[in-house]
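# Coordinates in review
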Amino acid sequence: VQLQASGGGLVQAGGSLRLSCEASGTIDSSDAMGWYRQAPGKQRGLVATVSGGGTTTYAESVKGRFTISRDNPMNTVKLQMNSLKPEDTAVYYCAYRRFGARWPNYWGQGTLVTVSS
C-alpha cells in the first residue's frame, strides 16, 4: 500500500487547513485509514481514524475541531482541521491499518502543519 498525503502548510491560530491522503495498491474498503501526528520531541500519536464501516475515533485534544472523512471509491481520507492552535503544530502522517490489526501497517511520508500564534 502506498499513501500520498498533501495539504500541510503554515496557518495562523484560529485558521483552518485540510489534509488529504490517497491510498493505492492492495487496498480493501474494510480497512481503516487515519491520521497521526508527531511534534518535535514527542512521540507519534493518534489524531483521528475512520474504519471501513465509517466509525470515527478522535484524540481528545482535537474533538470538536477536526473532522475526518473517507471516500471509499476514491480510497481517499481527508482531515478538516478548524480552530487550529499552536499546539497542533506537528508532522501529520497518513496511516493505513488492515482490518483486525491493532496498529497501522503502512505510513505516508508526512506533511508539516505549522500553526503560528
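To be clear, the structure that these remarks concern was listed above.
From a predicted model like this one, the values you see are computed outputs, not experimental measurements. (Residues numbered from 1 in each chain as written. Predicted model: local features only at pLDDT ≥ 70, side-chain atom pairs only at ≥ 80, totals over all residues. Heavy atoms only, no water.)

A word on the pattern of salt bridges. Throughout the structure, instances matching the rule amount to four salt bridges. Residues Arg98 and Asp31 are paired through a salt bridge, measuring 3.0 Å at the closest nitrogen-oxygen approach. Taken together, the residues span a long stretch of sequence, with Arg98 in the loop between β9 (90-97) and β10 (106-107) and Asp31 in the loop between β3 (17-24) and β4 (32-38) at a distance of 67 residues. Since its relative accessible area comes to 4%, Asp31 is described here as buried. Between Asp88 and Arg37 there is a salt bridge, with its nearest N and O atoms 3.0 Å apart. Of this pair, Asp88 sits in the loop between β8 (76-81) and β9 while Arg37 sits in strand β4; the two residues are 51 residues apart in sequence, bridging distant segments of the chain. For the pair formed by Asp88 and Arg37, the shared burial category is buried. (Salt bridge = Lys/Arg side-chain N within 4 Å of Asp/Glu carboxyl O. Helix = DSSP H or I, 4+ residues; strand = E, 2+ residues; numbered from the N terminus. Buried < 20%, exposed > 50% of the residue type's maximum accessible area, 1.4 Å probe, protein only.)

Moving on, we get to unusual backbone geometry. Positive phi outside glycine occurs at Ser83, with the angle close to 50 degrees. On the secondary structure map, Ser83 appears in the loop between β8 and β9. Looking at Ser83, the relative accessible area reads 40%, which means it is partly exposed.

This brings us to the packing of aromatic side chains. For the structure shown, the criterion picks out three aromatic pairs. Each ring, one from Tyr96 and one from Tyr106, has its centre 6.1 Å from the other, and the planes form 65 degrees; the classification is edge-to-face. Placement of Tyr96 in strand β9 and of Tyr106 in strand β10 is noted, with a sequence separation of 10 residues between them. Overall, the relative accessible area of 27% leaves Tyr106 in the partly exposed class. The structure contains a cluster of three or more aromatic residues connected by ring pairs, namely Tyr36, Tyr93 and Trp107. Lying across the ring of Tyr93, Arg44 places its NZ or CZ 3.6 Å from the centre. (Phe/Tyr/Trp six-rings, centres within 6.5 Å; stacked < 30°, edge-to-face > 60°. Lys NZ or Arg CZ within 6 Å of the ring centre and 35° of its normal.)

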